[in-house]
Amino acid sequence: MKLSKKQSYSYIFEKRERKVPSPETLMCIPRELVEEFQAFVFDRKGKKVEVAAIDPENELLKNFVRNRFGGDVKWFSAKKEDISFILKHYSRDFKEDIAKLISMGVGINGNIVELAGLIIAYAVAEKASDVHLEPLRNESVIRFRVDGVLHKILTLPKEMHNAVVARLKLLANLKMDDYRHPQDGRIELERFADISLRISTMPTLHGEKVALRVLDDSNKDLSIRHLGFSEQHENIILRNIEKPFGLIVSSGPTGSGKTTTLYGLLHLLKKDKINISTLEDPVEYAVDGINQIQINPRTNLTFASGLRALLRQDPDVMMVGEIRDSETAIMATEAALTGHLVLTTLHTNDAVSVITRFLEMKAEEFAVASTLNLIIAQRLVRKVCDVCKKEVEIDDAIIKKIKERKDIVNALTLMGKEVNKLKGEKFLVGAGCDACLQTGYRGRIGIFEALEINKPIYDLIIGHAPTERIKEEARKNGFYEMIIDGLEKVFSGITTFEEVLRATRNN
Ligand SMILES: [Zn+2]
């Protein structure tokens, strides 16, 4: 039987509750072509693409899709209102739409619901990690954090700020009539399948300030190469993660990506049939197959008490979100001594200082020396925007800044480079475009150092050797500092001198 044209394409967008595809999926077809072809991609898994169109038989459209995605395309029919709904979710329209809503004022029914939804959708499209709604005297400022940097996105009239905050509090089931105390909660978004928000409110002089953390489970590529580890570092990690017991420490200041690194390591471990438990504050990403426990000082569930309770549960691998005090430090080394693999984080500037920190926290030399397997220290640097990158000669101002930094000059020397010979070499930078909010950067990557504890270093720890002496010994084994790792990434066009200078300035 020959099917008529109309019957041969099913309409399923509504059945999928009109969930908005992720920005990456949407961008498979640029906005202009969505308008022209009246079609959009609403699902993409690897090479499989699902396209909905008003007229799936349009030859031009079919050609375009075939050229762009190859053969594995499933076609569906779409309605006119689906196209306009989808077009709303292309990022460059958000500002205009929001401005339109603002000009309509708070009085209009449903206006605020839509405004709050648009702000969230805008943040998701820009891949913001955080959204800040900050009340000032007469207005309120909305800022997005993208790749670690805050950008002012728009201002709201004061009455709209209060209404949007009320809407967000309602979504998170917070106490609506309490403006005087900080509150926190979670918002599950109906519109986005893999995205949820953590909300926290704070009373300030001019009203309630709201911070939203965007939690995106869809694009979490936890493979460690993706985090920016070099081949050498990857090998060191793989070698140490296989040891049945001991300590693996990931170290760096707040916001250096050290927890993400631990998640990456857990992801590697998960393959084995072992019992993994974590103590986290907060639990940021749900990981399948792992017992994640949220620290809660109000119920006296601290890192130390949690660790003690966990040990009775006979886990093979434990992740302790952070070691902040002597009690936890001692307990972690003891757990490692008694046959557990313990992963944790510490705040130190570099890998070697982790040893000193443990000793300062009264962990015993013997326990520290015999349990520490691997220390990773890291920072995050922004990546040069792929869309607008171009080659330029290095700036005199940057050469001047490099010369002011002894550690950078030394690192260059170790790499066989000379500052004065950098002039004339070409480096990649971002010119600034819509994709990178004119910053020239898009996405972030880690710069690392990885210190393996071998027998000579074990002896040095027992003998309380100074950190420089330990570093010297480690270098014999191929150890290199994160500045060198960062500079390698500058020379290979992944990031810039400015980023490495900034990220490592406190060393
Ligand atoms: Zn760009």
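Keep in mind that what you see is a predicted model, and the values were worked out from it rather than measured.

*Asks:* Describe the coordination of the zinc ion, listing the residues and the values that go with them.
*Replies:* Protein-derived coordination of the zinc ion comes from Cys385 (SG), Cys388 (SG), Cys433 (SG) and Cys436 (SG), at a distance range of 2.3 Å. Around the zinc ion, the four donor atoms are arranged such that angles at the metal cover 105 to 112 degrees; this shape is classified as tetrahedral. Sequence spacing of the donors to the zinc ion: C-x2-C-x44-C-x2-C. Within this pair, whereas Cys388 is found in the loop between β15 (372–384) and β16 (389–393), its partner Cys436 is found in the loop between β17 (426–430) and β18 (441–452), the two being separated by 48 residues in sequence. Both residues of the pair, Cys388 and Cys436, belong to the buried class.

*Asks:* So, the side chain of Asn111: which residues are in play, and what are the values?
*Replies:* The topology assignment puts Asn111 in helix α6 (residues 111–125). Residue classification places Asn111 among the buried residues on the basis of a relative accessible area of 2%. Within the local environment of Asn111, its side chain forms a polar contact with the backbone oxygen of Leu101, the two atoms lying 3.3 Å apart. Beyond its immediate sequence surroundings of up to four residues, Asn111 is in contact with Leu101, Met104, Gly105 and Met160.

*Asks:* Residues and numbers for helix α9 (residues 258–269), please.
*Replies:* The end-to-end C-alpha separation of α9 is 17 Å, in line with the 16 Å expected for 12 residues at 1.5 Å each. For α9, the buried fraction is high: nine of the 12 residues fall into the buried class. By the burial criterion, the buried members of α9 are Lys258, Thr261, Leu262, Tyr263, Gly264, Leu265, Leu266, Leu268 and Leu269.

*Asks:* Describe the nonpolar core, listing the residues and the values that go with them.
*Replies:* One finds Val342, Ile355, Phe358, Leu372, Ile375, Leu451 and Ile453 to be the most contacted residues of the largest nonpolar core, which totals 40 residues. Residues contacting Val342, with those up to four places away along its chain left out, are Gly246, Leu247, Ile248, Met318, Val320, Ala332, Ala335 and Ala336. The next biggest cluster of nonpolar side chains, apart from the first, holds 37 residues, and it includes Ala125, Ala128, Leu156 and Val214.

*Asks:* For the packing of aromatic side chains, give the residues involved together with the corresponding values.
*Replies:* Taken as a whole and judged by the stated rule, the model has nine aromatic pairs. Taken together, a centroid distance of 5.4 Å and an interplanar angle of 70 degrees make the contact between Phe42 and Phe76 edge-to-face. Placement of Phe42 in strand β1 (residues 39–45) and of Phe76 in strand β3 (residues 73–77) is noted, with a sequence separation of 34 residues between them. With a relative accessible area of 6%, Phe76 lands in the buried category. Ring centres 5.2 Å apart and planes at 25 degrees place the aromatic pair Phe94 and Tyr122 in the stacked group. Here Phe94, found in helix α5 (residues 94–104), pairs with Tyr122, found in helix α6; they are 28 residues apart in sequence, far enough to count as distant. Here Phe94 matches Tyr122 in class, with each residue buried. Feature note: the residues Phe40, Phe42 and Phe76 constitute an aromatic cluster, connected by ring pairs. When the ring centre of Phe491 is taken as reference, the NZ or CZ atom of Lys417 above it lies at 4.2 Å.

*Asks:* Requested: an account of the side chain of Glu499, with residues and values cited.
*Replies:* Positionally, Glu499 belongs in helix α19 (residues 497–503). Within the structure, Glu499 has its side chain in polar contact with the side chain of Arg502 (distance 2.6 Å). Leave out the neighbours within four places in its chain, and Glu499 touches Val381, Arg382 and Tyr441.

*Asks:* Break down the sheet that holds strand β11 (residues 276–280) for me, citing the residues and quoting the values.
*Replies:* Taken together, the seven strands give an open sheet; going across it, the order is β12-β11-β13-β14-β10-β15-β18, and neighbouring strands pair in mixed fashion. Each edge of the open sheet carries a strand with a single partner, namely β12 (291–294) and β18. For this sheet, the mean angle separating the axes of adjacent strands, direction not counted, is 20 degrees. With four bridges joining them, β11 and strand β13 (residues 317–320) adopt parallel strand pairing.

*Asks:* I'd like a description of the pattern of salt bridges, backed by residues and values.
*Replies:* Applying the stated criterion to the full structure yields 26 salt bridges. Between Asp130 and Arg145 there is a salt bridge, with the nearest N and O atoms lying 4.0 Å from each other. Highlighted residues: Asp130 in strand β4 (residues 130–135) and Arg145 in strand β5 (residues 139–146), separated in sequence by 15 residues. The class of Asp130 is buried, set by a relative accessible area of 11%. Residue Lys389 is joined to Asp386 by a salt bridge in which the shortest nitrogen-to-oxygen separation is 3.0 Å. In the salt-bridge network here, residues are joined through shared partners; they are Asp350, Lys471, Arg475 and Glu481.

Definitions and limits used
Residues numbered from 1 in each chain as written. Predicted model: local features only at pLDDT ≥ 70, side-chain atom pairs only at ≥ 80, totals over all residues. Heavy atoms only, no water. Donors = N, O, S within 2.8 Å, 3.2 Å for Na, K, Ca; no water. Tetrahedral: all angles 85-135°; square planar, octahedral: opposite > 155°, others 65-115°. Helix = DSSP H or I, 4+ residues; strand = E, 2+ residues; numbered from the N terminus. Buried < 20%, exposed > 50% of the residue type's maximum accessible area, 1.4 Å probe, protein only. Polar contact = N/O pair within 3.5 Å; in protein donor to acceptor, adjacent residues only side chain to side chain. Contact = heavy atoms within 4.5 Å. Expected span 1.5 Å × (residues − 1). Core = buried A, V, L, I, M, F, W, Y, C linked by side-chain atoms within 4.5 Å. Phe/Tyr/Trp six-rings, centres within 6.5 Å; stacked < 30°, edge-to-face > 60°. Lys NZ or Arg CZ within 6 Å of the ring centre and 35° of its normal. Pairing = 2+ DSSP bridges. Axes fitted to C-alpha atoms, helices over the stretch in contact; angles between N-to-C directions. Salt bridge = Lys/Arg side-chain N within 4 Å of Asp/Glu carboxyl O.

So, to be careful, I would describe these as geometric facts and stop short of saying anything about function.
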